Amino acid sequence: MGSHPHDLPMPVTTAGREGLEALLRVPRRSVVALDFDGTLADIVPDPDQARAHPGAVPALAALAPEVGSIAVVTGRPAGVAVRYGGFAGVPGLEHLVVLGHYGAERWDAVSGIVHAPAEHPGVAAVRAELPGFLDAIGAWRGTWIEEKGQALAVHTRRAADPEAAFAALREPLAGLAARHGLMVEPGRAVLELRPPGMDKGVALTEYLAEVGAEAVLYAGDDLGDLAAYSAVEKLRAGGMPGLLLCSGSEVPELSARADLTLSGPPEVVTFLSTLAGALTGTPS
């Protein structure tokens, strides 16, 4: 893979190279949007223990003043992402936005307030039913439920065979979700039951329109990021340059569509730091 003159790795696609060139040409009219888990934070067995990579906040704080906006787009509750990311009260990140629950929630650093919708009644119903449901189908061993406020997630990472457990649960959980007006969002060894109508693509598109972006970078690592990829591809077809980064190669559906694949959060952080250096004219 070639390198950009500013030591940035060169995207492998023409569209990606055009996206990177636009970011460097009009940074103040560009948005850098990033997933959290697997992109800014390593994937860990217990999601409650996930924290942003140690270099993530310094890299974002160096980059944020040079670009139009930075947005973290995550399936986590917005407040949890802020807490686990360490984003609040950081000089340089005064205008960071966190779009949580796939955009259903929003935290703005400038106000420090989370705006969230009322809970979907189906979430409350599934919350009550899910433990007994998993027990009835014999799926307790190695699986566990994560409470996400506006959603519930069933993890299979601790199962003896995580992929088999994931496959066995996918159809039953889809049926449970449908009965309560919810949908299932698959991820890496996790199935999330959440309200329909919002995804990372919708959230990203609406935010880009809100801020009047002229270029975008989006980085993600999982199936939930496919909607954001599709949104960027649609925007590119309409004339807005965009760069798609993939963190890791564990999800081939995503990495196959990426303009540039990085090895994981440490390399994503290095990319962000190098981008900040390229825009300020200082070494990363």
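Note: the structure precedes this text.
In this text the structure is predicted, and so the values were computed from the model without any measurement.

A.B. asks: Would you take a moment to explain helix H9 (residues 265-280) for this structure?
C.D. replies: An α-helical turn contains 3.6 residues, so any two residues separated by three or four positions project in the same direction. With 16 residues, H9 extends 22 Å from end C-alpha to end C-alpha; this agrees with the ideal 22 Å at 1.5 Å per step. Within H9 the residues assigned to the buried category are Pro265, Val268, Val269, Phe271, Leu272, Thr274, Leu275, Ala276, Gly277, Ala278 and Leu279. One or two residues past the end of H9 sits glycine 281, with phi positive at roughly 80°.

A.B. asks: Any chance you could explain the packing of aromatic side chains here in plain terms?
C.D. replies: Each pair of aromatic rings is reported with the distance of its centres and the angle of its planes. By the definition in use, this model includes 2 aromatic pairs. Seen in terms of ring centroids, phenylalanine 36 and phenylalanine 87 are 6.2 Å apart; in terms of plane orientation they differ by 85°. Their pairing is edge-to-face. Of the two residues, phenylalanine 36 sits in the loop between strand S1 (30-34) and helix H2 (56-63) while phenylalanine 87 sits in the loop between helix H3 (78-85) and strand S3 (97-100), which places them 51 residues apart along the sequence. For the pair phenylalanine 36 and phenylalanine 87, a shared accessibility class is recorded, and that class is buried. Plain terms: the ring middles of tyrosine 218 and tyrosine 229 are 6.4 Å apart, the flat faces sit at 90° to each other, and that makes the pair edge-to-face. Of this pair, tyrosine 218 sits in strand S10 (residues 215-220) while tyrosine 229 sits in helix H7 (residues 226-237), and the two are 11 residues apart along the sequence. With respect to burial, tyrosine 218 and tyrosine 229 carry one shared label: buried.

A.B. asks: Explain the sheet that holds strand S2 (residues 69-73) here, please?
C.D. replies: Within a beta sheet, neighbouring strands are joined by backbone hydrogen bonds and run either parallel or antiparallel to one another. Judged by pairing direction, the sheet is mixed, and its 8 strands sit side by side in the order S5-S4-S3-S2-S1-S10-S11-S12 without closing on themselves. Looking along the sheet, the strands with just one partner apiece sit at the ends: strand S5 (113-115) and strand S12 (260-262). The mean angle between the axes of side-by-side strands here comes to 20°, regardless of whether they run parallel or antiparallel. Of the strand pairs in this sheet, S1 and S2 are connected by 4 bridges, and their pairing is parallel. Its bridge partner being in S2, alanine 33 is matched across the sheet by alanine 71.

A.B. asks: What's the story with the environment of proline 65 in this structure? I'm lost.
C.D. replies: As for its placement among the helices and strands, proline 65 is situated in the loop between H2 and S2. Note: C-alpha distance between proline 65 and threonine 280 (215 residues apart in sequence) is 9.7 Å. With sequence-adjacent residues up to four places away left out, proline 65 is seen in contact with Arg28 and Gly92.

A.B. asks: Looking at this structure, I do not really get the sheet that holds strand S9 (residues 190-194). What am I missing?
C.D. replies: In spatial order, the strands read S6-S7-S9-S8; together these 4 strands make up an open sheet with antiparallel pairing. The open sheet is flanked by strand S6 (144-147) and strand S8 (183-187), the only strands paired with a single partner. Strand-to-strand twist in this sheet, taken as the mean axis angle between neighbours without regard to direction, amounts to 25°. Sheet analysis places strand S7 (residues 152-155) next to S9, joined by 4 bridges and oriented antiparallel. Looking at S9, one finds that valine 154 is bridged to leucine 191. Where helix H4 (residues 121-136) meets the sheet, its contacts fall on S6, S7 and S9, and the angle it forms with S7 comes to roughly 20°. Relative to the sheet, helix H5 (residues 162-179) contacts S7, S8 and S9, its axis offset from that of S9 by approximately 5°.

A.B. asks: Please explain unusual backbone geometry as it appears in this structure.
C.D. replies: In terms of backbone geometry, most residues other than glycine have negative phi values and most peptide bonds are trans. Even without being glycine, histidine 101 reaches a positive phi, approximately 50°. In this structure, histidine 101 sits in the loop between S3 and strand S4 (105-108). The backbone of tyrosine 102 shows a phi angle near 60°, a positive value even though the residue is not glycine. When you line up the elements, tyrosine 102 lands in the loop between S3 and S4.

Scoring rules and cut-offs
Residues numbered from 1 in each chain as written. Predicted model: local features only at pLDDT ≥ 70, side-chain atom pairs only at ≥ 80, totals over all residues. Heavy atoms only, no water. Helix = DSSP H or I, 4+ residues; strand = E, 2+ residues; numbered from the N terminus. Expected span 1.5 Å × (residues − 1). Buried < 20%, exposed > 50% of the residue type's maximum accessible area, 1.4 Å probe, protein only. Phe/Tyr/Trp six-rings, centres within 6.5 Å; stacked < 30°, edge-to-face > 60°. Pairing = 2+ DSSP bridges. Axes fitted to C-alpha atoms, helices over the stretch in contact; angles between N-to-C directions. Contact = heavy atoms within 4.5 Å.

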